[in-house]
Structure formats: structure tokens, C-alpha cells
Amino acid sequence: MTTASSAWERAPLIPLPSRGHEHEHERCDSCGQPIGYWAVDRLTGLLDRWGWDTYAPETLRRAHEQRQPLALLLLDLDHFKEINDRYGHVAGDMVLHAVAEVLRASCRENDVVGRYGGHGGDEFLVLLPMTNRDRAMSVAMRVLDGVRALQVSVPDVDKGTRTTLTGLTVSIGVALYVPARGMEPVLTDLVLEADAALLVAKREGRDTVRMGRRR
């Protein structure tokens, strides 16, 4: 029998971005460990914070060198704390796993998708290489629609039964990088821009996408 916990423990790992054989023995700048599946968040199958810090800067650097546009999406589940408070953290984890599946289905293999905010975090980062404003909005809307359509069966700890959660939504902030001669992008700046746009989306009713102001 599949238990509530084992359902997400067997979540498929998202493929790490292709790096070539020359990187097989490369080590993380932060912890010194070999780069590999340690960089994956076990709950969602997406990159964890260490994986994100390894692959996202490289993707941004490549976009700058090849003079290609790039977009960053910062997503936050709306009213996620209420799920944890009402149904418990097992239910919250199952919702996070379901949202990760939506992201996996909405992104390409070379997109960099990670869980943000560490343990218990309900935010996600998506870095989209070779992506202009129109495609970034298209991906964001696909994610919005996918989350709205979710039906997640979770245990109800109060009643000792199961219930199906529907009506889930996310808010999304988007930042764009447009190549400009002599201006090397900084990942932190893109995250801050996307975060500011996310706050606007939250203030304007949630379940929506807002574009950041290019710096």
C-alpha cells in the first residue's frame, strides 16, 4: 500500500541541466561536494537551493555571453499557510509536490527550476533561457492554469479521512534580462526585480502575473 508520505518520496528527479563531460568532477563552490543529485530537493524533485545557486548563475552567464534574452519567474503559493494550519504539514507537502509537477510539465529540459526559501518554503524560481517577454508570460499563464486545475487528495487530520483540495492558486513575479553591450547581469538583481513584481501580484488580488520594471 502507498502511504501519504511515500507518494512524494518517490517523486522523479528533474534532469539537471546538461553540462558536458568536463564538469563530471566539478564541486560546489559553497560546500565542496561533487555536483550531482545532492542538488535536488527530495520532496519536489526540483533543484534545491544549492542546486539553484550552482546552475542559475551559469545559465545567466551563458545568456550574457551569447547575447540571448532570459526571464526569471518567482512563484509563491497563495494562502499556503492556511493549508498547513487546517490540514497539517503532510497535506502541505503534497500540495508542494503537485505544484512542482505543474512546473515540470510547463518548462523545457534546459530551464532551471528550483524550490526557493529552504525547508518548508512554498516559493519556486524558474529561469528561462532564450525567453523574451511574450514567452515568459506564456509560461507564467500556463503555470497559473495548471495550478488552478489541480485536485490534490490529502489527509484531513481533524476528521481522520481524506479530502480533495481544489481552488489552489499561485502569484508570479517576472523579471527580464535583455542583452545590452557592456552590462553583465547580476542574478540577485533579477531575483529582487521578480520579488518586487510578486509583491505587486499579491497586493492586487493574487492568482495573477506581474512583470517587473527592468533595471
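Below or above, wherever it landed, is the structure these notes cover. (Residues numbered from 1 in each chain as written. Predicted model: local features only at pLDDT ≥ 70, side-chain atom pairs only at ≥ 80, totals over all residues. Heavy atoms only, no water.)

### Details of the side chain of Asp111
- When you line up the elements, Asp111 lands in the loop between helix 4 (89-106) and strand 2 (112-116).
- On the basis of relative accessibility, which here comes to 3%, the residue Asp111 falls in the buried class.
- For Asp111, the side chain forms a polar contact with the main-chain nitrogen of Arg108, separated by 2.7 Å.
- Apart from residues lying up to four places away in sequence, Asp111 is in contact with Leu127, Leu128, Pro129 and Arg135. (Helix = DSSP H or I, 4+ residues; strand = E, 2+ residues; numbered from the N terminus. Buried < 20%, exposed > 50% of the residue type's maximum accessible area, 1.4 Å probe, protein only. Polar contact = N/O pair within 3.5 Å; in protein donor to acceptor, adjacent residues only side chain to side chain. Contact = heavy atoms within 4.5 Å.)

### Some words on the pattern of salt bridges
- Throughout the structure, instances matching the rule amount to 14 salt bridges.
- Between Arg148 and Asp145 there is a salt bridge, and its shortest N-O distance comes to 2.9 Å. Pair noted here: Arg148 and Asp145 are both in helix 5 (residues 133-148), with a separation of three residues, about one helical turn.
- On the basis of relative accessible area, Arg148 is assigned to the partly exposed category, the value being 35%.
- Judged by relative accessible area, Asp145 falls into the partly exposed class, the value being 42%.
- Three or more residues joined by partner-sharing salt bridges are found here, namely Asp76, Asp78 and Lys202. (Salt bridge = Lys/Arg side-chain N within 4 Å of Asp/Glu carboxyl O.)

### Digging into the nonpolar core
- Membership of the largest hydrophobic core comes to 39 residues, with the highest contact counts inside it found for Leu73, Leu75, Val95, Val143 and Ile172.
- Looking at this core, the elements that each hand over two or more residues are strand 1 (70-77), helix 3 (80-87), helix 4, strand 3 (123-129), helix 5, strand 4 (152-156) and strand 6 (170-177).
- Broken down by element, the residue count for this core peaks at nine residues, all from helix 4. (Core = buried A, V, L, I, M, F, W, Y, C linked by side-chain atoms within 4.5 Å.)

By themselves, these are just geometric observations and shouldn't be taken as functional.
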